[in-house]
Amino acid sequence: MDSVPGKVGGKVLLTMNFNHCAFMLAFLRDTNNSQSVIDIFNMLEERLTLEVFRTLFPVILTDNGSEFSNPGLLEESPISGKIRTRIFYCNPYSSWQKGHVENNHLNLRKMIPKGRDLEHFTQKDINTVVSHINSLARRSLNDVSATILFKKLYGKEVLDKLGIEHICEKAIHLLPDLIAK
């Protein structure tokens, strides 16, 4: 899990990467604080159910950013009071410890260059970007896309609830004009 800022002081993305299948999620946040991350966790649990949340996110590795500074509220469900995940932190200045996230960010930055204002984007726009990135066939996955692999592992219903769709290879577009605003 990581944050990707847009314009300084503006909206931010929360990214979540599934290392075993190179699949990425991204969520638009108005501010880069711990409550915005907690709100996304709560939304995901409500949308997916606690059981599915636990299946998808049994353990989360992140950096020591202030937005991840409240592990208790991330780990514990406000609905059931049960543990929904476990949060672990990388060593300081060790981004290589979450290298898959950084690799997906390279593709994300092709479409949303560093410093680009995210103010006019919607979550649907971000889902479109992530759908295109996840639909790219990857050599590391034996030329299968992350979306196809994720769907095989967790099912189409989960993919639909996350708002991600498979884009056919010929329609994949990894340039900023995909969501020009």
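Residues numbered from 1 in each chain as written. Predicted model: local features only at pLDDT ≥ 70, side-chain atom pairs only at ≥ 80, totals over all residues. Heavy atoms only, no water.

Student: Hey, could you run me through unusual backbone geometry in this one?
Tutor: In most cases, non-glycine residues show a negative phi, while peptide bonds are predominantly trans. At Thr-49, a residue that is not glycine, the phi angle is positive and equals roughly 85 degrees. Summarising the element assignment, Thr-49 is placed in the loop between helix 1 (34-48) and helix 2 (50-56). With relative accessibility at 38%, the residue Thr-49 sits in the partly exposed group. Positive phi is not limited to glycine here, since Asp-143 has a value of about 60 degrees. Along the chain, Asp-143 falls in the loop between strand 6 (137-138) and strand 7 (144-145). (Helix = DSSP H or I, 4+ residues; strand = E, 2+ residues; numbered from the N terminus. Buried < 20%, exposed > 50% of the residue type's maximum accessible area, 1.4 Å probe, protein only.)

Student: Would you explain the nonpolar core in this entry?
Tutor: Across soluble globular proteins, nonpolar side chains show a tendency to be buried alongside one another. In terms of nonpolar packing, the biggest core is built from 47 residues, with Met-16 and Phe-57 touching the most fellow members. Mapped onto this core, the elements with two or more residues apiece are strand 2 (12-18), strand 3 (23-29), helix 1, helix 2, helix 4 (99-111), helix 5 (123-134), helix 6 (146-154) and helix 7 (156-161). (Core = buried A, V, L, I, M, F, W, Y, C linked by side-chain atoms within 4.5 Å.)

Student: For this particular structure, what's the right way to read the sheet that holds strand 1 (residues 2-5)?
Tutor: Sheet strands pair by backbone hydrogen bonding; their relative direction is either parallel or antiparallel. Spatial strand order, 1-2-3: 3 strands in an open sheet with antiparallel pairing. Of all strands in the sheet, those with a lone pairing partner are strand 1 and strand 3, marking the two edges. For this sheet, the mean inter-axis angle between neighbouring strands, taken without regard to orientation, is 30 degrees. Sheet topology note: the strand 2/strand 3 ladder contains 7 bridges and is antiparallel. The partner of Thr-15 across the bridge, within strand 3, is Ala-26. Across the sheet, helix 5 lies against strand 2 and strand 3, angled at about 165 degrees from strand 3, the strand it touches most. (Pairing = 2+ DSSP bridges. Axes fitted to C-alpha atoms, helices over the stretch in contact; angles between N-to-C directions. Contact = heavy atoms within 4.5 Å.)

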